Amino acid sequence: MENQEKKRILSMYQCTGTFTLGNYLGALRNHIKLQEEGYDCVYALADLHALTVRQVPAGLRKYTKEAYAWLLAMGLDLEKTVFFIQSQVPQHSQLAWILNCYTQFGELSRMTQFKDKSAKHADNINAGLFTYPCLMAADILLYQADYVPVGADQKQHVEIARDIAERFNGIYGGTFTVPEPMIPKHGARVMSLQNPLSKMSKSDENQNGNISVLDDPDTIMRKFKRAKTDSGSEVRFGEGKEGVNNLMGIYAAVTGKSYEEIEREFAGKGYGEFKPAVAEAVIAELRPIQERYRQIVADKAFLEETYRAQAPRAQAIAQRTLSRVMKKVGLVI
Ligand code: TYM
């Protein structure tokens, strides 16, 4: 384990499409803030994870570059934070193989994401989809991360990374920092606007359910106005009101208001006034980032130079852990 003064944070994002409002509120926005809170942050785009589902090659490359530009537009500061593309740091694949050999079939079979994705992609239940959590554990453990900030859907993956770390440390002595998940209070599970029982996701077939961070104001307004709510009209958080609960969660995450404050603000006003208010808050939040994004993404040379320069920074940290692991398990280094 490394003796770091600052606590290290690690998180990564798949780039299989444009980020959603769920990614933004559950993860990205909080991660950018953590840079200012005295953590040593390491972030990356998980393009190797993306291969577990069939991708259009040109699309994956395009979305990877766009996702990189989006995080820079949000204010990711490369003086403070290491931000790289996973496949440019080969240590991830190397450690993942080793960790595969310290992970049990039974524990991988219990992963909710594996069950969901294999049901959704029944024609392509590949080995990578099954061992996905080992690659994710490698991502985390290579950097000796203390905390892994994620949305609620990734908690189980952080827990298995902890189990793998503890198992390995138990056999070989202290090697890995055992990471803790960090889940936000609001926005940890943003649900589809069309089906508030399932999470908002890039791969949602109904695009009205998902707000992309690049949606224009009219689209955002239209999608919120059409959001599914229950038959009542009162803006109140409660059981059986998943649609309204979701909108309240989004509004709370964007404005910083509590549920009580929101209930007071919309007392007697109904969904007809609430939905456009949520849309306006989201539009105002995204607009300045979208403007910066357009400038950054247009400068292809700058983007390429930037992400290429980050890979060696990440490799230097990752190799320290990988060499130690290789030595411990008996590989010749
Ligand atoms: P991914 O790419 O699905 O999502 C990236 C981040 O966004 C969060 N998120 C959400 N939060 C709230 N509501 C939603 N609807 C929503 N959808 C997504 C996710 O929880 C995540 O924090 N396996 C990971 C990527 C990964 C990773 C890692 C994460 C690879 N290696 C190492 C942490 C550490 C994934 O597929 O996230």
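A brief look at the structure comes next. (Residues numbered from 1 in each chain as written. Predicted model: local features only at pLDDT ≥ 70, side-chain atom pairs only at ≥ 80, totals over all residues. Heavy atoms only, no water.)

**Observations concerning the pattern of salt bridges**
Right, so step 1: For the coordinates displayed, the defined rule picks out 15 salt bridges.
Right, so step 2: Taking the shortest distance from any N to any O, the salt bridge between Glu66 and Lys62 comes out at 3.4 Å. Taken together, the residues Glu66 and Lys62, both in helix H3 (residues 57-73) and four residues apart, mark about one turn of the helix.
Right, so step 3: Across the salt bridge formed by Glu304 and Arg308, the nearest N and O atoms sit 3.2 Å from each other. Linking Glu304 with Arg308, this pair stays in helix H13 (residues 300-329), spanning four residues, or about one helical turn.
Right, so step 4: Judged by its relative accessible area of 34%, Glu304 falls in the partly exposed class.
Right, so step 5: Since its relative accessible area comes to 48%, Arg308 is described here as partly exposed.
Right, so step 6: Each of Glu36, Asp77 and Lys80 takes part in one network of salt bridges that share partners. (Salt bridge = Lys/Arg side-chain N within 4 Å of Asp/Glu carboxyl O. Helix = DSSP H or I, 4+ residues; strand = E, 2+ residues; numbered from the N terminus. Buried < 20%, exposed > 50% of the residue type's maximum accessible area, 1.4 Å probe, protein only.)

**What about unusual backbone geometry?**
For residues that are not glycine, phi is negative in most cases, and the peptide bond is trans in most cases.
Right, so step 1: Although it is not a glycine, Gln144 sits at a positive phi angle of roughly 50°.
Right, so step 2: Mapped onto the fold, Gln144 is located in the loop between helix H7 (127-142) and strand E4 (147-149).
Right, so step 3: For Gln144, a relative accessible area of 1% puts it in the buried group.

**Side note on the state of the cysteines**
Right, so step 1: With the rule as written, the count across this model stands at zero disulfides.
Right, so step 2: Left unpaired, Cys15 is separated from the closest cysteine sulfur, that of Cys41, by 19 Å.
Right, so step 3: We classify Cys15 as buried; its relative accessible area is 0%.
Right, so step 4: Classification of Cys41 by relative accessible area gives buried; the value is 1%. (Disulfide = S-S within 2.5 Å.)

**Quick notes on the site of the ligand**
Right, so step 1: Near the ligand there are 27 residues, and of these Tyr132, Asp139, Gly151, Asp153 and Val190 occur at the shortest range.
Right, so step 2: One of the backbone N or O atoms of Gly151 is found 2.8 Å from an oxygen atom in the ligand.
Right, so step 3: Asp153 places a polar side-chain atom, nitrogen or oxygen, 2.5 Å from an oxygen atom of the ligand.
Right, so step 4: Relative to its unbound accessible area of 710 Å², the ligand is 97% covered by the protein chains.
Right, so step 5: Mapped by element, the contributors of at least two residues to the shell around the ligand are strand E1 (8-13), helix H1 (21-34) and H7.
Right, so step 6: Taken together, the residues of the shell around the ligand break down into 13 nonpolar, nine polar and five charged. (Near = heavy atom within 4 Å. Polar contact = N/O pair within 3.5 Å; in protein donor to acceptor, adjacent residues only side chain to side chain. Areas by Shrake-Rupley, 256 points an atom, 1.4 Å probe, with all protein chains shown as cover. Nonpolar A, V, L, I, M, F, W, Y, C, P; charged D, E, K, R; others polar.)

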